[in-house]
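Examining the three-dimensional arrangement
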Amino acid sequence: MIKGLLRFIIAVIFIASGFVKAVDLVGFSFKMEEYFSPPVFNMPFLEKFALLFSIIVVVLELFLGFLLLLKLKLKFTLSALIALCVFFGFLTFYSAYFNVVTDCGCFGDAIKFTPWESFLKDVVLLVGLIILFILYRKEFSKKDVYGETNKTENNKFKLAALGIFCAIMIVIMSVGIINEPIIDFRDYKIGTDLKAEKDKINKNPSEYKTFYSLKNSKTGEVLKVNQDDYVNQTKYWEEGSPWTIEEGKNESKLIKEGYKSEIVKFKIEDPTGNDLTNEIINAPKAIIVFSYHPKDVSPELLKKVEAKVNSQKGAVIYGVSTEQNTFKTIKNAMMDGTAIKTIARSNPFVLILEKGKIADKQPAKNYVD
């Protein structure tokens, strides 16, 4: 009874984790790109394979989780899940310890974990899987090293269920890659009022403090001092003070968490740095074309998108990318690439706002059809 319940809980966790990532595989691939980037593992040559690695990880989670749920090939399934947990545990520990990836994307945009929470989750799952391996070891078949039990009467039904499950997940993953996620867990879902979200953020902002890393040139002692103490205590900065700030080692820490929303990153500027955000969210209608990798966009597709957008009379129109001269016939604007990826899963992508509320959004190739 206990081992059956534990098996069910762990299986559901892996299936749920795989499902929310399968719905938005492109979004998960952006997270994989973060791990491959220079500040983390410094393997930029793997960034172009991020989507492939994302598919592999998600398929493993879903397939192994469902095998565990159906109690099929237990030895193989438990061994593979333990290896997967060790791998995830290494990634989340690295992220937490070095503070390089603030959200592992374990449950996509559905549930956010801090790096240390993610690591703790992996440790708990690993312990649970090891316990299951011990509890079920007597049921492993001696003839089948992959762990199939001797009970085969329900295998046909289980295999059929596995096949149906895999087919459904393939459809969901394909739709998410080709178009948009079937279920949108992001803060930028259709119907979201960006103006109202901005107001909530402004009324309840998060507060941060800078902590300086100070080193005593005489004793070699190193201290972490918050910005207020640093300003108020002259011994740290007065003339002749042995304390100096260590460059590159200062930290910004969250002191008070305010209203949480990805909309906080919605800031659009013109090429000279003027903020266009208020103009856009206050307009009766605004059409924004986003591109997070302008160099990868087909010139022909971009030409079609601009032509259709320009035909929409009375709308505020901007082309937003990470480069100043991406768009030829509509006004160019700038936005952080990571922030664009939070909004747009396709490159390019069209977002339509009505009085600050998201009325529609779709890949540009669908928009022009």
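Above: the structure in question.
Residues numbered from 1 in each chain as written. Predicted model: local features only at pLDDT ≥ 70, side-chain atom pairs only at ≥ 80, totals over all residues. Heavy atoms only, no water.

**Some words on the packing of helix α4 (residues 74-98) against helix α5 (residues 115-136)**
Relative orientation and spacing of two packed helices are given, respectively, by the angle between their axes and the distance between those axes. Two elements in contact, α4 and α5, have axes separated by 8 Å at closest approach and are oriented at 160°. Relative to α5, the element α4 lies roughly antiparallel. As α4 packs across α5, the resulting crossing turns out to be left-handed. Across the contact of α4 with α5, the residue classes tally to 20 nonpolar, 5 polar and 2 charged. (Axes fitted to C-alpha atoms, helices over the stretch in contact; angles between N-to-C directions. Helix = DSSP H or I, 4+ residues; strand = E, 2+ residues; numbered from the N terminus. Parallel < 35°, antiparallel > 145°, perpendicular 65-115°, else oblique. Left-handed = near helix turned anticlockwise from the far one by under 90°. Nonpolar A, V, L, I, M, F, W, Y, C, P; charged D, E, K, R; others polar.)

**A word on the pairing of strand β9 (residues 357-363)**
Across 6 bridges, the pairing between strand β8 (residues 349-354) and β9 is antiparallel. Bridge assignment links Leu-353 to a residue of β9, and that residue is Ile-358. (Pairing = 2+ DSSP bridges.)

**What to know about the nonpolar core**
One finds Phe-14, Leu-68 and Leu-129 to be the most contacted residues of the largest nonpolar core, which totals 38 residues. Contributing elements (two or more residues each) for this core: α1 (2-23), α2 (25-36), α3 (50-70), α4, α5 and α6 (155-178). With residues up to four places along the chain from it excluded, the contact list for Leu-68 reads Arg-7, Ile-10, Ala-11, Leu-74, Thr-77, Leu-78, Leu-81, Leu-129 and Leu-132. Counting 29 residues, the second largest nonpolar core, distinct from the first, contains Leu-194, Ile-268, Ala-286 and Leu-351. (Core = buried A, V, L, I, M, F, W, Y, C linked by side-chain atoms within 4.5 Å. Buried < 20%, exposed > 50% of the residue type's maximum accessible area, 1.4 Å probe, protein only. Contact = heavy atoms within 4.5 Å.)

**Examining helix α10 (residues 299-310)**
Look at α10: 16 Å from first C-alpha to last across 12 residues, which is about the 16 Å you get at 1.5 Å a residue. Those residues of α10 that fall on the buried side of the exposure criterion are Leu-301, Leu-302, Val-305, Glu-306 and Val-309. Each buried residue of α10 lies within a common arc of 130° when the element is viewed along its axis, so the set occupies one face. Facing away from the buried surface of α10 by more than 90 degrees, the exposed residues are Pro-299, Glu-300 and Lys-303. (Expected span 1.5 Å × (residues − 1). Arc of directions from axis to C-beta.)

**Side note on the packing of aromatic side chains**
The description of an aromatic ring pair rests on the distance of the ring centres and on the angle between the ring planes. All chains considered together, the criterion is met by 17 aromatic pairs. When the centroid spacing of 6.3 Å and the interplanar angle of 45° are considered together, the rings of Tyr-188 and Phe-266 count as tilted. Within this pair, whereas Tyr-188 is found in the loop between α6 and α7 (194-203), its partner Phe-266 is found in the loop between β4 (251-256) and α9 (277-282), the two being separated by 78 residues in sequence. The same class applies to Tyr-188 as to Phe-266, namely buried. Ring centres of Tyr-212 and Tyr-230 lie 4.9 Å apart, and the angle between their planes is 50°; on these two criteria the pair is classed as tilted. With Tyr-212 in strand β1 (residues 207-216) and Tyr-230 in helix α8 (residues 227-232), this pair connects stretches of sequence that are 18 residues apart. Taking relative accessible area as the criterion, Tyr-230 reaches 16% and is therefore assigned buried. By way of ring pairs, the aromatic residues Tyr-35, Phe-41, Phe-90, Phe-93, Tyr-94, Tyr-97, Phe-98, Trp-116 and Phe-119 are connected into one cluster. Over the face of the ring belonging to Phe-28 we find Lys-21, whose NZ or CZ atom lies 5.4 Å from the ring centre. Directly above the aromatic system of Tyr-367 lies the positively charged group of Lys-308, at a separation of 4.6 Å from the ring centroid. (Phe/Tyr/Trp six-rings, centres within 6.5 Å; stacked < 30°, edge-to-face > 60°. Lys NZ or Arg CZ within 6 Å of the ring centre and 35° of its normal.)

**Re α3**
Helix length check: α3 (21 residues) gives 30 Å between terminal C-alpha atoms against 30 Å at 1.5 Å per residue, within 8%. Here α3 has its buried residues at Ala-50, Ser-54, Val-57, Val-58, Glu-61, Leu-62, Leu-64, Gly-65, Phe-66, Leu-67, Leu-68 and Leu-70. Lining the buried residues of α3 we find α1, α2, α4, α5 and α6. Backbone geometry just downstream of α3 places Lys-71 in the positive-phi region, at approximately 60°.

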